[in-house]
Amino acid sequence: REAGRRKGTFPREIKITNVSSSSLGVCWITAASIAGSIELWEEGKPELTALDDKDKPGIIGFYKAHHVTLGGLKPSTQYFFKINSGRNSYDSNDNPYRITTAEEIAPSASKKNLKIGGTVINEDGSPGKDLLIYATIESAQNISTITSLRGEWSLLQNFRTTDLKNYYDNDAQIINLLLTNGEKNSN
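Residues numbered from 1 in each chain as written. Predicted model: local features only at pLDDT ≥ 70, side-chain atom pairs only at ≥ 80, totals over all residues. Heavy atoms only, no water.

Caption draft 1: Representation of the pairing of strand 10 (residues 132–136) in the model. The element strand 10 is extensively covered by neighbouring structure, given that four of its five residues are classed as buried. Pairing analysis gives four bridges linking strand 10 to strand 11 (residues 143–146), with the strands arranged antiparallel. The residue of strand 11 that forms the bridge with Ala-135 is Ile-143. Taken together, strand 10 and the strand that follows it, strand 11, pair antiparallel across an intervening segment of six residues, in which Ser-139 is found at a positive phi of about 70°. One ladder, built from five bridges, connects strand 10 with strand 13 (residues 176–180); its direction is antiparallel. Directly across from Thr-136, in strand 13, lies its bridge partner Asn-176. (Buried < 20%, exposed > 50% of the residue type's maximum accessible area, 1.4 Å probe, protein only. Helix = DSSP H or I, 4+ residues; strand = E, 2+ residues; numbered from the N terminus. Pairing = 2+ DSSP bridges.)

Caption draft 2: A look at the nonpolar core. The biggest cluster of nonpolar side chains holds 17 residues, and the ones touching the most others in it are Leu-24, Val-26, Ile-38, Leu-40, Leu-70 and Phe-81. If you list the elements that add at least two residues to this core, you get strand 2 (24–34), strand 3 (36–41), strand 5 (63–70), strand 6 (78–85) and strand 8 (97–100). When near neighbours in sequence (up to four residues on either side) are disregarded, Phe-81 contacts Ile-16, Val-26, Ile-38, Glu-39, Leu-40, Trp-41, Pro-96, Tyr-97 and Ile-99. (Core = buried A, V, L, I, M, F, W, Y, C linked by side-chain atoms within 4.5 Å. Contact = heavy atoms within 4.5 Å.)

Structure representation (structure tokens):
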């Protein structure tokens, strides 16, 4: 771990977001631009490796802000994962991280789809690429995304309540956005 801190590969500000009955997101920041992925498994099952959302098969990028979406998961199932950052693998104090997917919820006419987006422009006029964007609403789960190379981002999400058992169906008065690259933040 100490070598990872010195090389800038150590994952900081790890967050689990976008939890549904079939998917979830894992986000983190590194001090250096580095390749990142997630190894995910169920108890007694083989591991699955998922790449950063900006990567494509055979084309791995180096980023400071990492966002990995894990799909095709089973509802109400406990999964274990490790973060691969550069050539190092990280866990939670010598134990894998744990997350349980949400239970399935029947479709509801009252559920609200949240659709927000925009383009991030840095102070110097360049696109705000490699930024994590977190959206929070009181009494609702946290969701996230990452900006494109042009600084563009969008979220289309069925928010769930904080406990993930119901769809969030209130009219959000305030949506808090946090944009971060680990060095600078914007709210």
